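Letter by letter, the chains look like this.
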Amino acid sequence: MATTSNMFLYSLTIQPPTAITQALLGQFSGTKEQQIITASGSRLTLLQPDPRQGKVNTLLSHDIFGIIRSIASFRLAGSHKDYIILATDSGRIAIVEYLPKVNRFSRIHLETFGKSGVRRVIPGQYLAADPKGRACLIASVEKNKLVYVLNRNAQAELTISSPLEAHKSGVLVLSLVALDVGYANPVFAALEIDYSEADQDPTGEAAKEADAQLVYYELDLGLNHVVRKWSDTVDPTSSLLFQVPGGNDGPSGVLVCGEENVTYRHSNQEAFRVPIPRRRGATEDPQRKRTIVSGVMHKLKGSAGAFFFLLQTEDGDLFKVTLDMVEDGEGNPTGEVRRLKIKYFDTVPVAQSLCILKSGFLFAASEFGNHHFYQFEKLGDDDEELEFSSDDFPTDPRASYNPVYFHPRPLENLVLVESIDSMNPQVDCKVANLTGEDAPQIYSVCGNRARSTFRMLKHGLEVSEIVASELPGTPSAVWTTKLTKYDEYDGYMVLSFTNATLVLSIGETVEEVTESGLLTSVPTLAVQQLGEEGLIQVHPKGIRHIVQGRVNEWPAPQHRSIVAAAANENQVVIALSSGEIVYFEMDADGSLAEYDEKKEMSGTVTSLSLGRVPEGLRRSSFLAVGCDDCTVRILSLDPDSTLEMKSIQALTSAPSSLLIMSMEDSSGGNTLYLHIGLHSGVYLRTVLDEVTGELTDTRQKFLGPKPTKLFQVSVQAQSCVLALSSRPWLGYTDPITKNFVMTPLSYTELEYGWNFSSEQCLEGMVGIHANFLRIFTIEKLGETMIQKSIPLTYTPKRLVKHPEQPYFYTIESDNNTLPPELRAQLLAQSGAVNGDAAVLPPEDFGYPRAKGRWASCISIVDPLGEEPKVLQRVDLEGNEAAVSAAVVPFASQDGESFLIVGTGKDMVLNPRQFTEGYIHVYRFHEDGKDLEFIHKTKVEEPPMALIPFQGRLLAGIGKMLRVYDLGLKQLLRKAQGEVAPQLIVSLQSQGSRIIVGDVQQGITYVVYKPESNKLIPFADDTINRWNTCTTMVDYESVAGGDRFGNVWILRAPERASQESDEPGSEIQLLHARPYLHGAPNRLNLMVHFYTQDLPTSIVKTNLVVGGQDVLVWSGIQGTVGVLIPFVSREDVDFFQNLESHMRAEDPPLAGRDHLIYRGYYVPVKGVIDGDLCERFSLLPNDKKQMIAGELDRSVREIERKISDIRTRSAF
Amino acid sequence: MADKLRTQQELERLQAKYVGTGHPDTTSWEWKTNIHRDTYSSIAGHPPLLSYIALAENEPVAKVRSRMIRKMLQPVGPPPPREGDEIFVPPRQNGS
């Protein structure tokens, strides 16, 4: 298979998808606490809402390597723990349990029922579990339904039966829920359409009259058999069902939601129907009917029948729907329904799933844009909102009635407490280094309608600054220290200047201390709290030991000074300028005792480290000494071998800083590491063997061009390494994956840092830069991408960058939306008449809609300004909408760059229609801050792709490829050729070669022949790829993504590529014999990989300092992924082996075959799945050992290789 | 002979189990209807693809999904009249 390829890439996800396809509430840990399970792409994520802080924290995210189609939760009677059922594309049903102790998902059952893949008749699209946890039904879009009976055996283990079939051919399912029937036989309700009659009727009448049916399927637990129990015709526009509480809680049955229609239905009850109120407003179309798109049912504690629904329309309006019950003689509700009521509740962004928590919060998983976490202020019980009751409306949806209206208003019942960043949908993405930092940033456009955003993504940890104060001089170092062993917080902050030392006390205020006992007339090398109440200061001329006000001074030998020092609670070690090392240890009476011998080193000592005293021991048993001869030595401090050398390691540069520190490792235990910072800016981490002192398993990372300094700090009760080079970095163990990560801090450069702990700031850091003292904290580990967003106006379509200036231009357009000029017109008309003219903010309420209308604009985004914002907006008028954009330098204008925007007028998307297409030309003013419209050129079709080409513009207009030059009145046509079979959507070029991507017919290579001014296709594709994006990897190859979620690389055959570029070959090319109705040559597939997400952009760039070029792709669900090329064949073999072992040892949770998943459409070729390889660190130790044994390497070596490949080229 | 029968039975079983499995007499209309139904159900079943369409059309995902499923009812128009029933148009031409 893949071994035949000579190109190998390593695929990694650097930001997982943030779109949530479904969210579920449950007690998955088995405690009272409610948690949320979300399915996003192939990931199952467990979220823990924190009601006290009003935050949602991620507990666990698990890639199941399969498409999650539907999830459901259930609880066995008498149990307190919810299980999760997964319906995926594996053709199997999986039951998963969350294990809170180890923080893992564990699979309990996996039952195969059909073929894999997302197919029409393979169950998986719908999943419903009986509310009492006795059965679940899994159904396909068409025909098939399977019921599994869930039970428990004598050992109280969950059991699952063999499936019971409830198939009916010719039936399409629109929605499926489980009925709440208490402890009667489980019943499932499905909304179905039957097409078997329509298939037999040549007149087409049957299809027009096809009705939607509400069908009940009953599982007879006694007979172990499913029957179609009841069915009735419902409104033909119905599309969604909601479960109504039953048993003791309510009347049971379902709510059937269709176009302007919410109907209560049950087999033994009357039907009740209310219409969905329409929005009233000057710009609203009073005739437009709304549909329910999502909703949630919530049971209130206490009384029976206390429940309500929140149903959401496509505008985002939430309606509260309640049922009134007939009351018996004593005023208690009976099981009979009397009326259905609906009223406006609040407006939130359109959600995929809504979850109401018992603690009074609402989690809204938005279908596009940020997810929101709201708190209920009230339940809208006694407000002035009009309530509409089913008494006033006929049950038959075809009967006439008066539509009802409401006025939308800002939130009254809900309060937004947290907005969770989501890049879904990500439409376009560029990588550029605008800030002038070491590593480039990712700029992307996401969101839809008025909730669209331009986002900057930077790799780093968020830092919150507490203090930044100016100092009188420029200190060279800073320390904080406790005053006694028993202090909880630091007492002194000591600053060292070139010839003085400043001591400050830490407390409510920071003040200078004069009677500290520390020598202030000299610079300081180290400060340390020693023993019970002692304090030492190491300065170039000696060591000062202060105990309870008494001062003991140890002077340095004559003509020598101290150059480096290290100390911990019990030990002090110094290095003299002569290269000698002097060791002190605190003895029983609390005084420092010098060790008799001095150890002579070969070179000048640059740094020392002792490491903290391990708990329960008297001393740290190792001393690390770094010398300017590029070595690090480990000396023993054990009493019987004091200052004996244990090991030595040669380095590439002199060490500038050393730190012995233990950290948590992937197995969960602690490992002692020696962290080394080099003068060259490289950071190394080496395992220090606790017994022998050997140094093994070195990992390195280049941090920046300045010498690296290392400090031990504490973040979230974890010991971390603060590494300072040209920018600050933090090395820590990732809380979820337990991998060691080195992440830059999003903060200014620092020269020195130290841990800082006070009453106000428990886990802070203090740092100095120039003459500024800064105190800061890091709140969250693990989230390594910092997002900043700028709101945009409409759904973004493309993003282009100014060639020199740090500005971006976005084109945005919204279909079926009133453009601003019509909005203003309508408002002006109505404003005179009544008070409907209040305009609500479009971010929350959306723009008014109008069929066939387009609202579109061009925005200039300044991401670097004081306050990043949109500088200017150019609205397009006349129902034109922008579809493509490019910045093109025209040779005829002395290389001046222009912004070119392609538009379409009166476009209808499906089937594709339009009246005209245009190409607009804008001139940049004020370095790109302003745009001047020059002219527009009418073309036959909206141009879907534009690029600069040899000082001219190249446009893809329908099937036509055309070269334009800039004229005074319009663009001038210079050359053209019909090169694509259907519609050109992407263009790339290098030299005279143009790579044309067709909307569904793959890639065509075209050559431009300047001599004859012809565009000639010479190679095309073997597969109909539905291109979304392309980029050239080299002159011969192109990488791209398609609409089904594949990423691929194609390469032109060498001979064809050369022939095309030979001068004068046009005759030959023009008359070459077409091969199988296509171009004369075919492209070769080099790489193919299924990513699950739909790639919307792909670029070749580098992401880290000194890293190689990688392919960065962005997905519509918010994924950012990279493909890293392998350099050596050995690495390929190693990772291929590792991948195949991982497939066997860590099979995907939902039972999808990993290899088949990654080769969903085309067999995977030339790509190794890094996401799977990275799961290695999560395996239990014995499996790790086993794989390591098979691969003939150590576990550490494998982990190092996995982390190396990531850190070398990506984050 | 037995083999042929078994093949026949096997084919019939497949046809019963997997809707749309072809047979020698599959008409053009049947084939097209089947392909379209497969396509629509595939779009409805792949969330990124559904988002892509919903985003372009500026409609909620839930509405696009139910529209896709509804389109499966009769994706390529009514079936051609059966032989003997047709009045003007012969079925071959109509079906293609």
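Refer to the structure printed above.
These lines cover the structure that appears in this document, whether it is placed above or below. This is a predicted model, so every value here is computed, not measured. (Residues numbered from 1 in each chain as written. Chains lettered and ligands numbered in written order. Predicted model: local features only at pLDDT ≥ 70, side-chain atom pairs only at ≥ 80, totals over all residues. Heavy atoms only, no water.)

1. Focus on the interface of chain B and chain A
With 40 residues of chain B in contact, the opposing surface of chain A contributes 65 residues. Across the interface of chain B and chain A, roughly 4200 Å² is buried in total on both sides, 60% from carbon and sulfur atoms. Considering only the surface of chain B that becomes buried against chain A, Leu55(B), Asn58(B) and Leu73(B) emerge as the three largest contributors, covering 17% of it. Inspection of the chain B/chain A interface yields 4 salt bridges. (Contact = heavy atoms within 4.5 Å. Buried area = accessible area lost by both parts, 1.4 Å probe. Salt bridge = Lys/Arg side-chain N within 4 Å of Asp/Glu carboxyl O.)

2. A closer look at helix H5 (residues 1054–1061) of chain A
Residues and elements named next belong to chain A. Within H5 the residues assigned to the buried category are Ala 1056, Ser 1057 and Ser 1060. Buried residues of H5, viewed axially, fall in a sector of 100°; they line one side. Of the exposed residues in H5, the ones pointing more than 90 degrees away from its buried face are Glu 1054 and Arg 1055. Summarising the contacts, the buried residues of H5 are in contact with strand S80 (993–998), strand S81 (1003–1009), strand S82 (1014–1020), helix H6 (1066–1070) and strand S86 (1081–1082). (Buried < 20%, exposed > 50% of the residue type's maximum accessible area, 1.4 Å probe, protein only. Helix = DSSP H or I, 4+ residues; strand = E, 2+ residues; numbered from the N terminus. Arc of directions from axis to C-beta.)

3. Examining the sheet that holds strand S36 (residues 453–459) of chain A
Picture the strands of a sheet paired through backbone hydrogen bonds; they go either parallel or antiparallel. Residue and element names in this part refer to chain A. Sheet architecture is open: 4 strands sit in the order S34-S35-S36-S66, paired in antiparallel fashion. Edge positions in the sheet fall to strand S34 (426–432) and strand S66 (785–791), since each of these pairs with one other strand and no more. Geometrically, the sheet is characterised by an average inter-axis angle of 20° between neighbouring strands, direction not taken into account. Pairing of S36 with S66, which is carried by 7 bridges, proceeds in the antiparallel orientation. Directly across from Leu 457, in S66, lies its bridge partner Gln 787. (Pairing = 2+ DSSP bridges. Axes fitted to C-alpha atoms, helices over the stretch in contact; angles between N-to-C directions.)

4. Brief notes about the sheet that holds strand S60 (residues 718–724) of chain A
All names here are of chain A. Taken in spatial order, the 4 strands make up an open sheet running S59-S60-S61-S62, and their pairing is antiparallel. Edge positions in the sheet fall to strand S59 (709–715) and strand S62 (740–744), since each of these pairs with one other strand and no more. Averaged over all adjacent pairs, the angle separating strand axes in this sheet is 25°, with direction ignored. Sheet topology places S59 next to S60; 7 bridges connect them, and they run antiparallel. The residue bridging Ser 714 from the neighbouring strand is Ser 719, located in S60.

5. Focus: the packing of aromatic side chains
All names here are of chain A. Tallying each qualifying case throughout the model produces 37 aromatic pairs over all chains. A centroid spacing of 5.1 Å and a plane angle of 50° characterise the contact between Tyr 794 and Tyr 847, whose relative ring orientation is tilted. In this pair, Tyr 794 is assigned in the loop between S66 and strand S67 (796–801) and Tyr 847 in the loop between helix H4 (842–845) and strand S69 (849–862), connecting sequence segments 53 residues apart. Residue classification places Tyr 794 among the buried residues on the basis of a relative accessible area of 1%. Between the aromatic rings of Tyr 1160 and Tyr 1161, the centroid separation amounts to 4.7 Å while the plane-to-plane angle is 40°, which identifies the pairing as tilted. Here the basic side chain of Arg 1025 rests over the ring of Trp 1048, its NZ or CZ set 5.1 Å away from the ring centre. Taking the ring centre of Phe 1134 as reference, the NZ or CZ of Lys 1201 above it sits at 5.3 Å. (Phe/Tyr/Trp six-rings, centres within 6.5 Å; stacked < 30°, edge-to-face > 60°. Lys NZ or Arg CZ within 6 Å of the ring centre and 35° of its normal.)

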